Amino acid sequence: MGHRKMKVLVVGGGGREHALAWKIGQSPRIDRVFVAPGNAGTASESNLPIENVQIADSDIPKLVEFAKKNAIDLAVIGPEAPLAAGISDALVTAGIRVFGPSKQAAELEASKVFCKNLLRHADVPTADFRTFRDVESARAFLVDREDSAMVVKADGLAGGKGVIVCTNREEAIEAVERIGASKEFGEAGNQLVIEERLVGQEASILAITDGRSLVTMPAAQDHKPAHDGDKGPNTGGMGAYSPTPLVTEDMLRSIEAKVLVPTVHQLKRMRRPFKGVLYAGLMITKQGVKVLEYNARFGDPECQPLMMRLQSDLLDLLEATADERLEELPDLLWDPRPAVCVVMASEGYPGSYTTGHAIRGLAEAAAVAEAKVFHAGTALRDGQVITTGGRVLGVTALGSSIANAKLQAYTAVKCIRWEGAWCRTDISDKAQH
């Protein structure tokens, strides 16, 4: 481990990237953290060496050019879209070390069909499923079988929204129409997956892998539906907390052995070795743990509470992964206290919403003990922080208990205002049951 100061490029501009840049920026080995394109939060970390670069996270040639020109030591890729478009491969070809899977390995997230077939081959427990290339065959399949609860998924990337949970056949047929015929999620709907609806509680397990070794992080629980009590349409995630009492230490070991390790081995066998974050979306059912889906990057908002709790140097972890020497790394240290993240969103999200509203109360929120406001959809305009997205802030806090962390997070939330701001009021309540 050389103690040379490092320059890191974080690609992305959401809450996850703010959390990653903030954590990397605290490393004693850091020289500068560039965030492309970043947001008002990454622009305002005045006591950390973090700065924004005005390059879109989709502009791979410009990002490669920037990394070469600025002698970037490590690029950390936040979002799924650039990974699916092959940003890792382009950077590696240019001689830049990368934390994030190749285009081929990222297909685990970019194609639900690929993922389900891989799970089947690797003997990893998942919901029974069928895949379809056209609306007609999907409709015929639904009409032919008994009326039951189903989940209909667009094959491709749809910002976390391309999954429609249906209670009966009629809803499932409507979902097939929305995804496959009306192309509500665009090209993502060219293929469909229809699977049985699993009953249970969801949990997210994020593991870091260099393709050979695996480091599992504490379990987190995301809240996908827009409204309290898990009602309303699916979103990119309205809040998260870690750890979740739902996943015991024994269960975590079993998930490693039966889910994560076989997946990493299967990808290696397919000549698609995976380096980066393997994020398993799981359903804890009466029949045991089943995989709902995989993501090929840190979850947003799960990343925020995890970064709040991580006490080890994140840069060491990311660099060891890129260099395939993860097994040499000492065990990660975690704050034993839980963290809760509450997403503050724009009125209308996940549907259409307006942007450009001035945000007030950020300084007051930052003054709340053990709280940190991570920015997602924000920008600086004339020195004023304004809203630019649907999910705007991830207000995160540590606490002596989950209830206490929740209280601190919502205390900070109450300080913040903009026109049309809203959030779920029940993030982490599932932990109390």
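Structure shown above.
The text that follows walks through the structure, step by step, so that each part is easy to find. If you're wondering where the values come from, they're calculated on a predicted model, not measured in any experiment.

### A closer look at helix 9 (residues 169-181)
Point 1. Counted at 1.5 Å a residue, the expected span for helix 9 with its 13 residues is 18 Å, and the 17 Å between its end C-alpha atoms agrees.
Point 2. Those residues of helix 9 that sit buried are Ala 172, Ala 175, Val 176, Ile 179 and Gly 180. What you see down the axis of helix 9 is that its buried residues fit within an arc of 105 degrees, all on one side.
Point 3. A side-chain oxygen of the first residue of helix 9 lies 3.3 Å from the backbone nitrogen of Glu 170; this N-cap is Asn 168.
Point 4. Just downstream of helix 9, Lys 183 is the residue with a positive phi angle, here 50 degrees.

### Some words on the pattern of salt bridges
Point 1. In this structure the tally under the stated criterion is 29 salt bridges.
Point 2. Taking the shortest distance from any N to any O, the salt bridge between Glu 184 and Arg 178 comes out at 2.7 Å.
Point 3. Its relative accessible area of 42% is what places Glu 184 among the partly exposed residues.
Point 4. A salt bridge links Lys 275 to Glu 324; the shortest N-O distance between them is 3.4 Å. Highlighted residues: Lys 275 in the loop between helix 10 (249-269) and strand 16 (276-285) and Glu 324 in the loop between helix 12 (314-322) and strand 18 (339-345), separated in sequence by 49 residues.
Point 5. Judged by its relative accessible area of 31%, Glu 324 is partly exposed.
Point 6. Here the salt bridges share partners, and the residues they tie into one network are Arg 29, Arg 97, Asp 316, Glu 319, Asp 323 and Arg 325.

### Some remarks on helix 14 (residues 402-413)
Point 1. The first and last C-alpha atoms of helix 14 sit 16 Å apart over 12 residues, in line with the 16 Å expected at 1.5 Å per residue.
Point 2. Taken residue by residue, helix 14 has Ile 402, Ala 405, Lys 406, Gln 408, Ala 409, Tyr 410, Ala 412 and Val 413 as its buried positions.
Point 3. Residues of helix 14 that are buried in the fold lie against strand 15 (239-242), strand 18, helix 13 (362-366), strand 19 (371-375) and strand 22 (391-398).

### Quick look at the packing of helix 7 (residues 112-122) against helix 10
Point 1. The N-to-C vectors of helix 7 and helix 10 enclose an angle of 105 degrees; their axes lie 10 Å apart at closest approach. As far as their axial angle goes, helix 10 and helix 7 are roughly perpendicular. Between helix 7 and helix 10, the contacting residues are Phe 114, Leu 118, His 121 and Ala 122 on the first element and Pro 262, Thr 263, Gln 266 and Leu 267 on the second.

### Focus: unusual backbone geometry
Point 1. In this chain, Ser 242 is followed by Pro 243 through a cis amide linkage whose omega measures -5 degrees.
Point 2. Take Pro 243: it is sitting in the loop between strand 15 and helix 10.
Point 3. Cis peptide bonds are those with omega within 30 degrees of zero, and the linkage from Tyr 349 to Pro 350 qualifies with 10 degrees.
Point 4. Residue placement: Pro 350 occurs in the loop between strand 18 and helix 13.
Point 5. Positioned with a positive phi, Asp 123 is a non-glycine residue whose angle comes to about 60 degrees.

Conventions we followed
The residue count restarts for each chain, going from 1 along the sequence in the order it is written. Side-chain atom pairs in this predicted model are given and counted only at pLDDT of 80 or more, local residue features only at pLDDT of at least 70, and totals for whole chains, interfaces and linings cover all residues. Values reported for side chains reflect all heavy atoms of the structure, with hydrogen atoms and water molecules removed beforehand. Numbered from the N terminus, helices here are DSSP runs of H or I no shorter than four residues, and strands are runs of E no shorter than two. Given a helix with a known number of residues, its expected span is that number minus one, times 1.5 Å. Relative accessible area decides the class of each residue, using a 1.4 Å probe on protein chains only: under 20% of the type maximum gives buried, over 50% gives exposed, and in between gives partly exposed. Note: the arc covers the axis-to-C-beta directions of the helix. Two N or O atoms form a polar contact when they lie within 3.5 Å of each other; inside protein one atom must be a possible hydrogen donor and the other a possible acceptor, and for residues adjacent in sequence the pair counts only when both atoms belong to side chains. A pair is scored as a salt bridge if a Lys or Arg side-chain nitrogen falls within 4 Å of a carboxyl oxygen belonging to Asp or Glu. Here, residues are in contact when the closest pair of their heavy atoms is within 4.5 Å. Comment: axis = line fitted to C-alpha atoms, over the contacting stretch for helices; angle = value between 0 and 180 degrees taken between N-to-C directions. These descriptions rest on fixed angle ranges, namely under 35 degrees for roughly parallel, over 145 for roughly antiparallel, 65 to 115 for roughly perpendicular, and the rest for oblique.

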